[in-house]
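This is what each chain is made of:
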Amino acid sequence: MSTAERTWNSPTAPQRLGILRKTTSIAIVGASDKPSRASYFVATYLLSSSSYRVYFVNPVATEILGQPVYKTLADLPEVPDLVDVFRRHDDLPSVLEETIAVGAKTLWLQLGAWHEEVAATAEAAGLEVVMDRCVKIEHARFHGGLHLAGFDTGVISSKRQVLA
């Protein structure tokens, strides 16, 4: 994450909910087959707790969670609505180029990822951008499955969940 001052404004909670509601497919760029990695945890959650079609992009892995892994976004069987990025700061401009080239609608940078230039370029290209947020946490937040620690506690609540 860059240490420069943050000037870009993140989408509001209702805007993030809107993005997630209209999303039907997600490509996880930088997906890992290692259970200790955040991308693996997010992938497990999305496959088990959402209706999204989930694709994994990693140039060296071949299978993650029983699903095929694609080397690039261009190799996917469809254009993903949302590209969820688990890559280093310096890799973000090239991921953006790939995202624009395939015609995805949203670039989502995971927790800790912030790149002002990438956000500005993505928005100028017509993409929606979310930075420094976790798709799993945001999805769970809007669907009643988020505990303080970010996990579903299984506790029944009287609070109404937001329906997607």
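Before reading further, recall that the structure is shown in the block above.
A brief look at the structure comes next. Positions within a chain are numbered from 1, following the residues in the order the chain's sequence is written. Selection of residues for local features in this predicted model requires a pLDDT of at least 70, selection of side-chain atom pairs for listing and counting requires 80 or more, and totals for whole chains, interfaces and linings are taken over all residues. In computing side-chain properties, one takes all heavy atoms of the structure into account and sets aside hydrogens as well as water.

1. With respect to the overall build of the protein
Then comes step 1: Only DSSP runs of H or I reaching four residues or more are called helices, and only runs of E reaching two or more are called strands; each is numbered from the N terminus. Within the protein, the regular secondary structure consists of five helices and seven strands.
Then comes step 2: When the helices and strands of the protein are read in sequence order from the N terminus, they spell out α-β-α-β-β-β-β-α-β-α-β-α.
Then comes step 3: A total of 164 residues make up the protein; the buried ones form 44% of that total.
Then comes step 4: The criterion used for residue contact is that any of the two residues' heavy atoms lie within 4.5 Å. Pairs at least 24 residues apart make up 59% of the contacts formed inside the protein by residues separated by at least 6 positions.
Then comes step 5: The protein chains shown are the only cover counted for residues, whose accessible areas, like all others here, come from Shrake-Rupley with a 1.4 Å probe. Only carbon and sulfur atoms are counted for the fraction: they give 53% of the accessible area of the protein, which is about 8,900 Å². Each residue is assigned to one of three classes by its accessible area relative to the maximum for its type, calculated with a 1.4 Å probe on protein chains only: buried under 20%, partly exposed between the two thresholds, exposed over 50%.

2. Some remarks on the layout of surface pockets
Then comes step 1: Residues are called lining when one of their atoms sits within 4 Å of a cavity or pocket point, these points coming from a 1 Å grid over the protein atoms alone, where a cavity is a set in which a 1.4 Å probe fits but cannot get out and a pocket is an open set with protein on both sides within 12 Å along at least five of seven lines. Grid points are joined across faces, edges and corners, and a volume is the space filled by probe spheres set on the points. Reported here for the second largest pocket is a volume of approximately 250 Å³.
Then comes step 2: Around the second largest pocket, the lining is made up of 16 residues, and of these G30, A31, R37, N58 and F86 lie nearest the centre.
Then comes step 3: Its residues assigned to classes, the lining of the second largest pocket comprises seven nonpolar, four polar and five charged. Charged residues are taken to be Asp, Glu, Lys and Arg, nonpolar residues to be Ala, Val, Leu, Ile, Met, Phe, Trp, Tyr, Cys and Pro, and polar residues to be all remaining types, Gly included.

3. Some thoughts on the side chain of D81
Then comes step 1: Checked against the element boundaries, D81 lands in the loop between β4 (67-70) and β5 (82-85).
Then comes step 2: Here a polar contact is recorded for every N or O atom pair within 3.5 Å, except that within protein the pair must consist of a potential hydrogen donor and a potential acceptor, and residues adjacent in sequence are included only if both atoms are side-chain atoms. Separated by 2.6 Å, the side chains of D81 and T24 make a polar contact.
Then comes step 3: Those residues in contact with D81 that lie beyond four places of it in its chain are K22, T23, T24, S25, A104, K105 and T106.

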